[in-house]
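Each chain, written out:
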Protein chains: 2
Amino acid sequence: MSRVAIIGAGPSGLAMLRAFEAARRAGTEVPELVCFEKQSDWGGQWNYSWRTGLDQYGEPVHSSMYRNLWSNGPKEGLEFADYSFDEHFGRPTSSYPPRPALWDYIAGRVAKSDVREDIRFETAVRWVEYDDETGRFSVTSQHLATGEDVTEDFDHVVVASGHFSYPNFPEVPGIETFHGPVMHAHDFRGAEGLRDKHVLVIGSSYSAEDIGSQAYKMGAASVTASYRTSPMGYDWPEGFTERPAVERFEGDVAHFADGTEKRVDAVILCTGYLHKYPFLPEVLALNSPNNVYPDGLYKGIVWQDNPKLYYIGAQDQWFTFNMFDAQAWFARDLILGRTPMPDAAERAESIAQWRERFAAIPNASAEIRFQGDYVRDLIDLTDYPAFDVDGVVEIFQQWKRDKAGDIMGYRDYTYTSVMTGTESVKHHTAWLAELDDSLERYLGDGDAE
Amino acid sequence: MSRVAIIGAGPSGLAMLRAFEAARRAGTEVPELVCFEKQSDWGGQWNYSWRTGLDQYGEPVHSSMYRNLWSNGPKEGLEFADYSFDEHFGRPTSSYPPRPALWDYIAGRVAKSDVREDIRFETAVRWVEYDDETGRFSVTSQHLATGEDVTEDFDHVVVASGHFSYPNFPEVPGIETFHGPVMHAHDFRGAEGLRDKHVLVIGSSYSAEDIGSQAYKMGAASVTASYRTSPMGYDWPEGFTERPAVERFEGDVAHFADGTEKRVDAVILCTGYLHKYPFLPEVLALNSPNNVYPDGLYKGIVWQDNPKLYYIGAQDQWFTFNMFDAQAWFARDLILGRTPMPDAAERAESIAQWRERFAAIPNASAEIRFQGDYVRDLIDLTDYPAFDVDGVVEIFQQWKRDKAGDIMGYRDYTYTSVMTGTESVKHHTAWLAELDDSLERYLGDGDAE
């Protein structure tokens, strides 16, 4: 029997396990699967840790999430086609679940199968090599609690370790003279301590938007967001302003590109993440900016230079969970041989075509449609349950309009599932006033306990 | 020509390079040396970074040092026997240099040779394996800026990567409900931001002592140090108290084992470090508590199960730089074949004898003498310049008395070098009032600029 290594048991790795599980249940003989997960539980990003930097075993902490993180996109955009929110929660819920509710949903799907048996928890992959002679990979992994290491051969390797865990942390001149806390968004764990503080977030993408909003919500004295290229441009509330790039720090004073300055108490670098795969040799490692069609991946999945290596979830993401599923189902069919692997020239041709379309994307709305087309293309090639991808694209477009109109209130809006037709309910408490991110609170009626 | 891999270019790795350099200058043919250093400069711990957690390449930050860190032991205890402070600075200086001055001293010695050419900076070792058939190690390393990896064979490997970089970070019940900053000492970068704050340091060793003192110096509203076994017991100033173990947090309130509680604003875990070698298989990796005679190392250096593998600086340390030198000189002579490698039984016998002595050490003063004996034993076996080890032992004993008598002022005391007979001078400014840790300030006359 062939063997498949899956690196990571977050949403992407679990999608891969689920894809094989679906085939197994349908009577197909599937390869031996070994999923390596360095954390002690599944869920990847969604498996919150209060730790920062390095974990109890000295490994880089994986999750970049924080207290009071609520989904920043509607759950109707990320719903699994084979496991709806209705099926999981048993009734309609609101559209922007807090982290524990989404973790529960992800885990709920796989908890109903045997896939957990295929996961080696607290096990880090140290090094992967491909042997041209045998045509197999050797994977060296280490059990973190015991230090025990093992090198094993696999026919296929699926990289599902994510790319929102290793901070991109640029040097800002003089930052070493700033005396307050300086951290990357990756190490941010909650804004309660920012009450009455002047907070600077450096960046203009999701992390800056949400961490800035968290600081505002928790009573920061002011929030300043600094952008390199263009401001986020939302209708920010009083006390929340955008300024151009921080050019330098002089002690606790940030100097901006427009000549203005501001004394701040805390700095959070929301400067993105690196594609980093410290367990992969250069010939196997994706090295890409964060975008919706990284080069070198056939169908966004298959490593062009070695089509026995797959990446799940390596794209920048509008679509998430259901896109990982679409990718995993397609990767599964290639591994099972159900779908023939095109030759290198054909794959290159496909990559070039998609990359050409990708390069011509004019704006975010078009990028959402592009990714919708990408997801549809994959689903059409597999037996993953078809769903109204255009409907999801429209949900994302509406979400963007809702954000533009009401950045501090958009999470109170509702959307309708394309999977079940269920319209979500309004959360009992406005997001800006909601200080409890527990699953119980999400599912409760909002009465004080 | 045989090849030696040296992992790390901090004080221990540089000692190893210096040892070979000394032999080379004396006309001996030495092996090809490759020193792998993941940072962009040498100095290890002493190469300060404002970064915390992960560095610009997503690698764990190595240095645990912080702004305004001054040596916590007199420089007369750590002076190189072959490169005195007088030779480096050209005149007497005070006994407790700030970090940049010690970095300058470490770097100054090696800057005068060609050893830098043997160092591959920004290069992380990913995996080491020993091949029983060839009798050589294969070392896979990766250049961090380019991702380029290479696997090479070596006859010997010297592990000099230190053991004060990977935090030991225990779980404290309820710590996830604490809203202020929680960090390990490894990620502490300065106490200026703790002014007017109620600070809790968990631990009772050097980190707790010094970070607590830094917080006091920088104007913390209070400092509480929590011990597991016994208090540090110094004559702390007003506002600095010791309490037994933190049993749990409830939000921002720490509850101690004696039933008392305290609301605090910041928590720093000074709970020590792990021996962690993520690039080593279990059969080669030292797995030891932090102590002065880890098991499994002949002469505290040679890996008993594979005597082609060496550790420099793996001990807990009273002696530091000159001990690393003594170890490096001895390892060098073994590698060069100048000193024959005893057989396994003889090495085991030696380890057992030292471990027996180690187990009988009654207190810290005896431990210092024990380590002095250890250093002397090594020096006697090599051509490292002999020095008055007992004199250094006495300096450490005096240092302990000075600390016991004046915990906030002991760094203002002076000592006499056993290497040069030079008595140190008093720093122009009392440590408690000195807020500038620059080399210029250390060497200046204390006038305002």
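For the structure, check the block above.
Our subject in this report is the structure included herewith. (Residues numbered from 1 in each chain as written. Chains lettered and ligands numbered in written order. Predicted model: local features only at pLDDT ≥ 70, side-chain atom pairs only at ≥ 80, totals over all residues. Heavy atoms only, no water.)

### What about unusual backbone geometry?
Residue and element names in this part refer to chain B.
Point 1. Phi is positive for Asp196, which is not a glycine, with a value near 65°.
Point 2. Note that Asp196 resides in the loop between strand S9 (182–184) and strand S10 (198–202).
Point 3. Phi is positive for Lys299, which is not a glycine, with a value near 55°.
Point 4. Structurally, Lys299 can be placed in the loop between strand S18 (297–298) and strand S19 (302–303). (Helix = DSSP H or I, 4+ residues; strand = E, 2+ residues; numbered from the N terminus.)

### Some points on the interface of chain A and chain B
Point 1. Each partner contributes residues to the interface: chain A has 44 residues there, and chain B has 45 residues.
Point 2. For the pair chain A and chain B, the summed buried area comes to about 3500 Å², and 53% of that belongs to carbon and sulfur atoms.
Point 3. Broken down residue by residue, the surface that chain A buries against chain B is led by A:Trp50, A:Leu54 and A:Phe169, which jointly contribute 19%.
Point 4. Where chain A meets chain B, there are 4 salt bridges.
Point 5. Of the charged contacts, one joins B:Glu59 and A:Lys276 as a salt bridge, the two residues approaching to 2.5 Å between their closest N and O atoms.
Point 6. Across the chain A-chain B interface, the total number found is 18 residue pairs in polar contact (both at pLDDT 80 or more).
Point 7. Looking at the side of chain A that touches chain B, the elements with two or more residues in it are strand S4 (123–131), strand S5 (136–143), strand S6 (149–154) and strand S8 (166–167) of chain A.
Point 8. By residue class, the composition of the side of chain A that touches chain B is 17 nonpolar, 13 polar and 14 charged. (Contact = heavy atoms within 4.5 Å. Buried area = accessible area lost by both parts, 1.4 Å probe. Salt bridge = Lys/Arg side-chain N within 4 Å of Asp/Glu carboxyl O. Polar contact = N/O pair within 3.5 Å; in protein donor to acceptor, adjacent residues only side chain to side chain. Nonpolar A, V, L, I, M, F, W, Y, C, P; charged D, E, K, R; others polar.)

### A short note on the packing of aromatic side chains
Residue and element names in this part refer to chain B.
Point 1. Overall, the coordinates contain 66 aromatic pairs over all chains when judged by the stated rule.
Point 2. On the numbers, 4.9 Å between centres and 75° between planes, the contact of Tyr66 with Phe188 is edge-to-face. Taken together, the positions of Tyr66 in the loop between strand S2 (32–36) and helix H2 (85–89) and Phe188 in the loop between S9 and S10 put the pair 122 residues apart, joining distant regions of the chain. Assigned by exposure class, Tyr66 and Phe188 land together as buried.
Point 3. Ring centres of Trp318 and Trp399 lie 6.2 Å apart, and the angle between their planes is 75°; this geometry places the pair in the edge-to-face category. (Phe/Tyr/Trp six-rings, centres within 6.5 Å; stacked < 30°, edge-to-face > 60°. Buried < 20%, exposed > 50% of the residue type's maximum accessible area, 1.4 Å probe, protein only.)

### Considerations on the relation of the copies chain A and chain B
Point 1. Of the transformation superimposing chain A on chain B, the axial component is 0.0 Å and the angular component is 180°, with the fit at an RMSD of 0.0 Å. Here the symmetry operator amounts to a two-fold rotation axis. Residue A:Gly53 of chain A places its C-alpha closer to the rotation axis than any other residue of that unit, at 1.9 Å.
Point 2. Comparing contact sets, 100% of the residues at the interface of chain A also lie at the interface in chain B, consistent with an isologous, same-surface contact. (Least-squares fit on C-alpha atoms with pLDDT ≥ 70 in both.)

### Notes on the pairing of strand S12 (residues 240–244) of chain B
Residues and elements named next belong to chain B.
Point 1. Counting buried positions along S12 gives 4 out of 5 residues, so the element sits mostly inside the fold.
Point 2. Pairing of strand S11 (residues 222–227) with S12 involves 5 bridges; the strand directions are parallel. Its bridge partner being in S12, Thr224 is matched across the sheet by Thr241. (Pairing = 2+ DSSP bridges.)

### Details of the pairing of S11(B)
Residues and elements named next belong to chain B.
Point 1. With 6 of 6 residues buried, S11 is to be regarded as a mostly interior element.
Point 2. Examined bridge by bridge, S10 and S11 share 5 bridges and lie parallel to one another. Bridge assignment links Leu200 to a residue of S11, and that residue is Thr224.
Point 3. Each parallel crossover has a hand, and for S10 linked through helix H4 (residues 206–217) to S11 it is right-handed. (Right-handed = clockwise from strand over helix to strand, strands pointing away.)

### Some details on the pattern of salt bridges
Point 1. All told, the structure shown has 58 salt bridges over all chains when counted by the stated rule.
Point 2. Of the charged contacts in the structure, one is a salt bridge between A:Asp383 and A:Arg332, with a shortest N-O distance of 2.9 Å. Highlighted residues: A:Asp383 in the loop between helix H7 (364–380) and helix H8 (389–405) and A:Arg332 in helix H5 (residues 321–336), separated in sequence by 51 residues.
Point 3. The exposure class of A:Asp383 is exposed, given its relative accessible area of 51%.
Point 4. B:Arg3 serves as the salt-bridge partner of B:Glu32, at 3.0 Å between the closest nitrogen and oxygen. Linking B:Glu32 in strand S2 with B:Arg3 in strand S1 (residues 3–7), this pair joins segments that are 29 residues apart in sequence.
Point 5. According to the relative accessible area criterion, B:Arg3 is buried, its value standing at 13%.

### Regarding the environment of B:Glu21
Residues and elements named next belong to chain B.
Point 1. Structurally, Glu21 can be placed in helix H1 (residues 11–25).
Point 2. Considered as a pair, Glu21 and Ala220 are 199 residues apart in the sequence and their alpha carbons are 47 Å apart.
Point 3. In contact with Glu21, other than residues within four places in its own chain, are Ser113, Asp114 and Val115.
Point 4. A distance of 3.0 Å separates the side chain of Glu21 from the side chain of Arg24, its partner in a polar contact.

### Let's talk about the packing of H1(B) against helix H3 (residues 99–111) of chain B
Residues and elements named next belong to chain B.
Point 1. Contact pair H1 / H3: the axes reach a minimum separation of 10 Å and the direction vectors enclose 20°. With respect to H3, the axis of H1 lies roughly parallel. The handedness of the crossing between H1 and H3 comes out as left-handed. Here Pro11, Leu14, Ala15 and Arg18 of H1 come into contact with H3, specifically with Ile106, Arg109 and Val110.
Point 2. Per-class residue counts for the contact of H1 with H3 are 5 nonpolar, no polar and 2 charged. (Axes fitted to C-alpha atoms, helices over the stretch in contact; angles between N-to-C directions. Parallel < 35°, antiparallel > 145°, perpendicular 65-115°, else oblique. Left-handed = near helix turned anticlockwise from the far one by under 90°.)

### Section: a negative patch on the surface
Point 1. Residues A:Glu129, A:Asp131, A:Asp132, A:Glu133, A:Asp153, B:Glu129, B:Asp131, B:Asp132, B:Glu133 and B:Asp153 make up a contiguous surface patch of negative charge.
Point 2. Contributions of two or more residues to the negative patch are made by S4 of chain A together with strand S4 (123–131) of chain B.
Point 3. Residue placement: A:Asp132 occurs in the loop between S4 and S5.
Point 4. The exposed category is assigned to A:Asp132, whose relative accessible area is 69%. (Patch = residues over 30% accessible without salt bridge, like charges linked within 9 Å, V, L, I, M, F, W, Y side chains within 5 Å. Areas by Shrake-Rupley, 256 points an atom, 1.4 Å probe, with all protein chains shown as cover. Lys, Arg positive; Asp, Glu negative; His and termini not counted. Charge placed at Lys NZ, Arg CZ, Asp CG, Glu CD.)

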